[in-house]
Amino acid sequence: ASKMDSSPLEFKMPLEGRHSECRNKQYDLSAMPSVAVVIPYLHEDLGLIEKTIGSLLTNTPPQLLDEIVLVDDGNDESHSFASVLASLDPKVKVHRNKERQGLIKA
């Protein structure tokens, strides 16, 4: 498929690196807590953010991932991507800081 035909969230899985005994281990997902992943971004490449989201959605069991919160840390319009990112998946939310707060505060 050409780049135009592929989804921005497609994530090519890396080679399996886990020990052979770990590969088929089963976990009781109902006993595990769910999480929200918070990712601040400033002047990042849209494609890299999309691949990060794709990786999270591909590699995290859906019942364990409540939401992915992207924090736009005061980006200018050319690096905000808020509407594009929010439309990628229902679990993706975007919070926009009007002014840059820095990594820790964001």
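Position numbers for residues count from 1 along each chain, tracking the sequence in the order it is written. Where totals are concerned, whole chains, interfaces and linings use all residues; where local detail is concerned, this predicted model gives features only for residues with pLDDT of at least 70, and gives and counts side-chain atom pairs only at 80 or more. Note: side-chain values were computed over all heavy atoms of the structure, leaving out hydrogens and water.

*Asks:* What is the right way to look at the overall build of the protein in this model?
*Replies:* Helix and strand assignments follow DSSP, with helices taken as H or I runs no shorter than four residues and strands as E runs no shorter than two, numbered in order from the N terminus. Counting its secondary structure elements, the protein contains three helices and three strands. The order of α-helices and β-strands along the protein, N terminus first, is α-β-α-β-α-β. For the protein, the proportion of its 106 residues judged to be buried stands at 22%. What makes two residues a contact is simply this: any of their non-hydrogen atoms within 4.5 Å. Taking as baseline every contact in the protein between residues at least 6 positions apart, the subset at least 24 positions apart corresponds to 77%. For the area figures, the Shrake-Rupley method with a 1.4 Å probe applies, and any residue is considered shielded solely by the protein chains shown. If you sum the accessible surface of the protein, you get close to 7,600 Å²; carbon and sulfur atoms cover 55% of it. Burial classes follow relative accessibility: with a 1.4 Å probe on protein chains only, a residue under 20% of its type's maximum area counts as buried, one over 50% as exposed, and anything between as partly exposed.

*Asks:* How should the nonpolar core be read in this particular structure?
*Replies:* A general tendency of soluble globular proteins is for nonpolar side chains to be buried together. With twelve residues, the main nonpolar core is built from Leu-9, Tyr-41, Ile-49, Ile-53, Leu-56, Leu-65, Ile-68, Leu-70, Phe-81, Leu-85, Leu-88 and Val-92. Within the residue set of this core, elements represented by two or more residues are α2 (46–59) and β2 (65–73). Beyond its immediate chain neighbours, meaning those up to four positions away, Leu-9 contacts Glu-50, Ile-53, Gly-54, Leu-57 and Leu-88. Side-chain atoms within 4.5 Å link the members of a nonpolar core, which is a set of buried Ala, Val, Leu, Ile, Met, Phe, Trp, Tyr and Cys residues.

*Asks:* Before we go on, may I ask you to explain the sheet that holds strand β1 (residues 35–41) in this structure?
*Replies:* Within a sheet, each strand pairs with its neighbour through backbone hydrogen bonds, oriented either parallel or antiparallel. Pairing within the open sheet is parallel, and its three strands lie in the order β1-β2-β3. Looking at which strands have only one partner, the edges of the open sheet turn out to be β1 and β3 (92–97). Ignoring which end each strand starts from, the neighbouring axes of this sheet average 20° apart. Bridging between β1 and β2 involves seven bridges; their strand directions are parallel. Paired with Val-37 across the bridge in β2 is Ile-68. Between N-to-C directions, angles cover 0 to 180 degrees, with each direction set by a line fitted to C-alpha atoms, over the stretch in contact for helices. In the packing of α2 onto the sheet, the strands contacted are β1, β2 and β3, and the crossing angle to β2 comes to about 165°. At least two DSSP bridges between two strands are required for those strands to pair.

*Asks:* Just to check I follow, could you spell out unusual backbone geometry for this structure?
*Replies:* A negative phi angle is the norm for most residues apart from glycine, just as the trans form is the norm for most peptide bonds. Residues other than glycine seldom take positive phi values, yet His-43 does so here, at roughly 55°. Within the chain, Phe-81 stands out as a residue other than glycine whose phi angle is a positive 60°. If you trace the backbone, Phe-81 turns up in the loop between β2 and α3 (82–86).

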